[in-house]
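Descriptive analysis of the structure
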Amino acid sequence: MVDEALLHASEVVLRDGSTARLRELTPADGQLVRQLLASLSERALATRFFSGAVDLEATSDLLVQVDGSRSFGLLALQGDPPRPLAHAICIATSPGRAEVAFTVVDEYQGQGLASIMLAQLAEAANRLGIGVFEASVLPENAAMIEVFANSGFALHTDSQPGSVAVEFPTEITKGAIQRFLERESQAAAAAVAAVLEPRSVAVVGASRDRGTIGGEVFHNLLQYGFQGPVYPVNPAASVVQSVPAYRSVTAIPGPVDMAVVCVPAKAVNDVARQCVDKQVRALVVISAGFAEAGPAGQERQRELLRICGESGMRLVGPNCMGVLNTAEEVRLNATFAPSTPWPGTIGFLSQSGALGLAIIESTRTLGLGLSSFVSVGNKADLSSNDLLCYWENDPRTELVALYLESFGNPRKFAQIASRVSRRKPIVAVRSGRGKAGARAAASHTASLVAASDATVDALFKHTGVLRTETLSDLFDLLSMLATQPLPQGPRVGIITNSGGPAILCSDALEANSLTVAELQPPTREQLQSFLPPEAATGNPVDMIASASADDYRRAIEVVSSDPGVDALVVIFTPPLVTRAEDVAAAIREATGSLPRRIPVVTVFMTSEGVPEQLRSGDVQVPSYPFPENPARVLAAALRLRRWRERPEADEEGTPAPEQLRVAALLSDWLRGGPRWLRNEETDNLLQEYGIQVLPTRRAADPEGAARLASELGFPVVLKGAGRAILHKTELGAVRLGLRSEDEVAEAAREMAKRLHDQEIEVESFLVQPQLEGGVELLMGAVRDHQFGTVVACGAGGTAVELLHDTSVRLAPVSLTDAGEMLRELGTYPLLTGFRGAPPVNVEAAVRTLAALAALAEEHPALAEVECNPVVVTEKGAYVVDSRARIEAPPPSLPVGAKRFAVERG
């Protein structure tokens, strides 16, 4: 049985002042449990066991089947002889998870018994290694919903038709969550280490011919100096490139940590089975012909993944170009690339094999060093998420670069990347900025999100990942981040020997939300002391064409000392006398001894490209061919700085009671299947989360609408409602500024007739008071099957799709996030008072957006929810019109896995 220190006998005081005795449940308690069940009302039986037809004898026998480790429970007793008041049981469903259920006699419900028993079960479960509790509750079981809502645990709810699934950790502390994440991260990093740090490698398909992939991979492993044995496997050769070969992996006499497979696709799975027999830890499959090659290839890849998964062997690829680790103690080049990169601090992942070849060549040309490189190909197993976990704690990796074509688990990526970005910059290019949404979206929010890859942008913003448009921009940014610190602010100093490029640079800085710094008088005086009278000592500092290398050195020292300068751009246009090499050496010397550590980037507008002096030695300075490039680079680096300065979101907290109340409502409504909610239902959900909704009254006919308008007070807004009326304005189902009962009745009749002529029926009329003034916004959220809850805000009313002024984030959205979203809008100045208009209550808009995001994130059954417009006035933010669509999500929690009941018959 469970240790007495975990489930101890105790006397507890209930809310009404009475007491009850708690003790551990035993298999001998069948009679007491039968007595308890027999005392329950019909309704209590139905809500507890999801059915009123319960076989009490069989069910009570089931409820005492406890062994003290995988199943245990509590009884609450009172009096002598003891009368059973409550029963609680916990049964393990899988490693680390268990389902809990509670039974309390009718008259003691609401007295705190279930809450006390839940706390004791959670403590016992946590010490036994059970980290998660699951429960299934009927939506009408308000008492049990209240217990979970007020438990203090961080709940996750999932509304299904007729039931609410609840999941929560058995330990409330953030430390428990952190420990779980650390274990998960360590496991992923260990899997990657098997690939990047093997002690021995076999190349299956190694060839004597250097022009083949198998021949090049084997040659590269030997030529790069891998610090372990390399075994060629080729059944048709006894020797490969002067190394004795083996007919199969199993014929190799020593252990094999990793196998690189370069055989035709049809033979790969047989090789994988041999590797399982050989206890190979990792497989890198170069071969193509898998998921990218149609149904037969997809089935082949599924079988390969099954073979690897059942044995614990990890897989890179298939359809990849290999892996590379420049660490001196490893020296692994298991690729077929014709060149090798310099050792360095960049961890690089490429989903494209062909681009991987170009990436390795480009880093070498630019003087950028790699710590490791992985081409993941089809990402059947190891992915960017695993690589990020490895690079997070790899001491040689200081910067991560990603070329991505797809996401396997973007929510997991968000969790890992946001952690890594706080310590190491992540730069990413993702192809495919075309339309992401193929379906016709019914709400403005859905169509705006589907109109681009806004979800990917939102994911990267949420996690601090710096997205670039092109590979060229990616390498520009890597050059800066690998050699320079992040700027402290937006103020940039410019030093040049030519005015034209400096003007172009200034324009580019302002276009990227940076500023040309204003130099302080002492700085200008120091510049004037050595520059010619014709030189401009403002900012940009134009030293004119006669500037020498020494002038560059002294100007860098002076301008970088100015406390109003956060970054420095140094531009060189070759005149007739000053040599680029001398200027480059002077820049490197000055940068290496800056009085203040700020980023310095250069522009060398020469046909020879970047001088070697800037790419070698202990001090390296990035250089670009055009004056616009530094603006994009510095703006991206500043975004990362500001993202890191934001407080980390506190994921810990107690659930609000409204979460379970809304979950119960959605579960009840889902019994009728997926549908658009009625206006009153949507308003109910919004109000549960503290969102202010403009009072709305519904009338069945024009005369009723007129009466309601008189009660609300004029002027009013009249709207038509019906199943076919989604975008009211487009259909002419909105009339504004109605000031009498006659106007309302006449407008309603005209609206109904006009829409009837279009074969659209007005089923009822909605009447609202008309708000005077204010700014209209759109706020909404859409459930994306990959990315989760996508939250959008933008210009509202009829302008939403005309202006395309939107900001998008992935949930969760904090108050800080919500404020940033609003400030990103081009129409944000309207909120703060544009051209003499009074400012509105921005704080209320922020709260509304954050609350709407919480509502959507906490309830996956909300497929779409949109408030348009939200009118923000000086007094607050008010939802004028809203809509929501519900559908049962794929069950993410076990629903009704064990209700611990046996039904009669």
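1. Section: the sheet that holds strand E16 (residues 322-325)
One open sheet accounts for seven strands, arranged E17-E16-E19-E18-E20-E21-E22; its pairing is mixed. Strand pairing shows two members of the sheet lacking a second neighbour, strand E17 (332-335) and strand E22 (466-467), which therefore form its edges. With five bridges joining them, strand E20 (residues 399-404) and strand E21 (residues 426-430) adopt parallel strand pairing. Note on E21: the bridge partner recorded for Leu 404 is Arg 430. Against the sheet, helix H7 (residues 213-224) touches E16 and E17, its axis set at about 170° to E17.

2. Brief notes about the sheet that holds strand E9 (residues 201-204)
Remark on secondary structure: sheet strands pair via backbone hydrogen bonds, oriented parallel or antiparallel. Within the open sheet, the five strands sit side by side as E10-E9-E13-E14-E15. Their pairing is parallel. What marks the edges here is a single partner per strand, and that holds for strand E10 (230-233) and strand E15 (314-316). Within this sheet the neighbouring strands show an average axis-to-axis angle of 20°, counted without direction. Strand direction decides the pairing type here: E9 and strand E13 (residues 258-261), joined by four bridges, are parallel. The residue bridging Val 204 from the neighbouring strand is Val 261, located in E13.

3. As for the pairing of E20
Within E20, six of the six residues are buried, which leaves it mostly tucked inside the rest of the structure. By the alternation rule, side chains of E20 split into Leu 399, Ala 401 and Tyr 403 and Val 400, Leu 402 and Leu 404, which are all buried. Note that strand E18 (residues 342-350) and E20 share five bridges and pair parallel. The residue bridging Gly 347 from the neighbouring strand is Val 400, located in E20. Since E20 and E21 lie parallel, the crossover through helix H12 (residues 410-420) that links them has a hand, and here it is right-handed.

4. Things to note about the nonpolar core
Counting 64 residues, the largest nonpolar core has Met 258 and Val 323 as its most contacted members. One finds Leu 670, Val 813, Leu 849 and Ala 851 within the second-largest nonpolar core, a separate group that totals 46 residues.

5. Here we look at the packing of helix H15 (residues 471-481) against helix H20 (residues 629-645)
Relative orientation of the contacting elements H15 and H20 amounts to 65°, with a least axis distance of 9 Å. Between H15 and H20 lies a crossing of right-handed hand. The segment H15 lies against H20, with Asp 473, Asp 476, Leu 477, Met 480 and Leu 481 engaging Asn 629, Arg 632, Val 633, Leu 634, Ala 636 and Ala 637.

6. A word on unusual backbone geometry
Residues Asn 539 and Pro 540 are joined by a peptide bond in cis, for which omega reads 10°. Tracing the chain through its elements places Pro 540 in the loop between helix H17 (521-528) and strand E25 (541-542). Of the consecutive residues Ala 811 and Pro 812, the connecting peptide bond is found in the cis state with omega at 5°. Along the polypeptide, Pro 812 turns up in the loop between strand E36 (806-810) and helix H27 (815-824). Positive phi, close to 65°, is recorded for Phe 50, a residue that is not glycine. In this structure, Phe 50 sits in the loop between helix H2 (42-49) and helix H3 (56-62).

7. Overview of the environment of Ser 418
Looking at the element boundaries, Ser 418 is found in helix H12. Linking Ser 418 and Gly 464, residues 46 residues apart in sequence, is a C-alpha distance of 6.1 Å. If near-sequence neighbours (up to four positions away) are discounted, Ser 418 is found in contact with Phe 413, Thr 463 and Trp 643. A distance of 2.8 Å separates a polar side-chain atom of Ser 418 from the backbone oxygen of Ala 414. For Ser 418, the side chain forms a polar contact with the main-chain oxygen of Gln 415, separated by 3.2 Å.

8. Focus: H27
The α-helix winds at 3.6 residues per turn, so residues separated by three or four positions along the chain end up facing the same way. Taken together, the buried positions of H27 are occupied by Asp 817, Ala 818, Gly 819, Met 821 and Leu 822. Tucked into the core, H27 has its buried residues touching strand E34 (775-784), strand E35 (788-795), E36 and helix H29 (842-858).

9. Observations concerning the packing of helix H4 (residues 113-127) against helix H5 (residues 142-149)
Where H4 contacts H5, the two axes come as close as 9 Å, and the packing angle between them is 45°. What the angle tells us is that H4 and H5 run oblique. Once H4 is placed against H5, the crossing between them reads as right-handed. Where H4 abuts H5, its residues Ala 114, Ser 115 and Leu 118 lie against Met 144, Val 147 and Phe 148. Broken down by class, the residue content of the contact of H4 with H5 amounts to five nonpolar, one polar and no charged.

10. Describing the packing of aromatic side chains
Overall, the coordinates contain 12 aromatic pairs when judged by the stated rule. With a centroid separation of 5.9 Å and an interplanar angle of 75°, the aromatic rings of Tyr 231 and Tyr 246 are classed as edge-to-face. Remark: Tyr 246 occurs in the loop between strand E12 (243-244) and E13 and Tyr 231 occurs in strand E10; sequence separation between them is 15 residues. Using a relative accessible area of 13% as the deciding quantity, one classes Tyr 231 as buried. Feature note: the residues Phe 102, Phe 133, Phe 148 and Phe 168 constitute an aromatic cluster, connected by ring pairs. The positively charged end of Arg 331 is found above the aromatic ring belonging to Tyr 224, 4.2 Å away from the centroid. Here the basic side chain of Arg 883 rests over the ring of Trp 676, its NZ or CZ set 5.4 Å away from the ring centre.

11. Quick notes on the environment of Tyr 231
As a C-alpha pair, Tyr 231 and Asp 582 span 351 residues in sequence and 50 Å in three-dimensional space. What Tyr 231 contacts, discounting residues up to four positions off in sequence, is Ser 200, Val 201, Ala 202, Val 203, Phe 218, Tyr 246, Ile 252, Gly 254, Pro 255 and Val 256.

12. Re the state of the cysteines
On inspection of all chains with the given rule, the structure shows zero disulfides. Looking at Cys 867, it has no disulfide partner, and the nearest cysteine sulfur is the one in Cys 793, 12 Å off. The class of Cys 867 is buried, set by a relative accessible area of 1%.

13. Points about the pairing of strand E14 (residues 282-285)
Side-chain alternation along E14 places Ala 282 and Val 284 on one buried face and Leu 283 and Val 285 on a second face that is also buried. Relative to E14, E13 runs parallel, the two sharing four bridges. Within E14, the residue paired with Val 261 across the bridge is Val 285. Of the crossover connections in this fold, the one passing from E13 over helix H8 (residues 265-277) to the parallel E14 is right-handed. Pairing analysis gives three bridges linking E14 to E15, with the strands arranged parallel. Pairing of Val 284 across the sheet is with Val 316, part of E15. With helix H9 (residues 295-311) bridging E14 and its parallel neighbour E15, the resulting β-α-β unit is right-handed.

14. Re the confidence of the model for the protein chain
On average, residues of the protein chain score 89 in pLDDT, and 91% of them reach the 70 mark or higher. pLDDT under 50 marks residues 1-6. Its contacts with residues more than four places away, or in other chains, come to 18 contacts.

15. Description of the side chain of Asp 566
By the element assignment, Asp 566 lies in the loop between helix H18 (549-561) and strand E26 (567-572). In this structure Asp 566 touches Pro 487, Gln 488, Gly 489, Pro 490, Arg 491, Ile 598 and Pro 599, once residues within four positions along its chain are discounted.

16. Digging into helix H25 (residues 741-757)
For H25, spanning 17 residues, the distance from its first C-alpha to its last is 25 Å, which sits close to the expected 24 Å at 1.5 Å a residue. Along H25, the positions that sit buried rather than exposed are Val 744, Ala 745, Ala 747, Ala 748, Met 751 and Leu 755. Projected down its long axis, H25 carries its buried residues within an arc of 165°, all on one side. Structural note: H25 exposes Asp 742, Lys 753 and Asp 757 on the side pointing more than 90 degrees away from its buried face. Its buried side turned inward, H25 meets helix H23 (702-712), strand E31 (716-721), helix H24 (728-731), strand E32 (734-738) and strand E33 (764-769). The positive-phi residue at the C-terminal boundary of H25 is Glu 759, with phi of around 65°.

17. Things to note about the environment of Pro 341
As for its position among the elements, Pro 341 is in the loop between E17 and E18. In this structure Pro 341 comes out as buried when scored by relative accessible area, which is 3%. Here the alpha-carbon distance between Pro 341 and Ile 360, two residues 19 residues apart in the chain, equals 5.8 Å. Residues within four places of Pro 341 in sequence aside, it is in contact with Tyr 224, Leu 324, Thr 326, Ile 360, Thr 363, Arg 364 and Leu 370.

Definitions and cut-offs
Residues numbered from 1 in each chain as written. Predicted model: local features only at pLDDT ≥ 70, side-chain atom pairs only at ≥ 80, totals over all residues. Heavy atoms only, no water. Pairing = 2+ DSSP bridges. Helix = DSSP H or I, 4+ residues; strand = E, 2+ residues; numbered from the N terminus. Contact = heavy atoms within 4.5 Å. Axes fitted to C-alpha atoms, helices over the stretch in contact; angles between N-to-C directions. Buried < 20%, exposed > 50% of the residue type's maximum accessible area, 1.4 Å probe, protein only. Right-handed = clockwise from strand over helix to strand, strands pointing away. Core = buried A, V, L, I, M, F, W, Y, C linked by side-chain atoms within 4.5 Å. Left-handed = near helix turned anticlockwise from the far one by under 90°. Polar contact = N/O pair within 3.5 Å; in protein donor to acceptor, adjacent residues only side chain to side chain. Parallel < 35°, antiparallel > 145°, perpendicular 65-115°, else oblique. Nonpolar A, V, L, I, M, F, W, Y, C, P; charged D, E, K, R; others polar. Phe/Tyr/Trp six-rings, centres within 6.5 Å; stacked < 30°, edge-to-face > 60°. Lys NZ or Arg CZ within 6 Å of the ring centre and 35° of its normal. Disulfide = S-S within 2.5 Å. pLDDT = per-residue confidence, 0-100. Expected span 1.5 Å × (residues − 1). Arc of directions from axis to C-beta.

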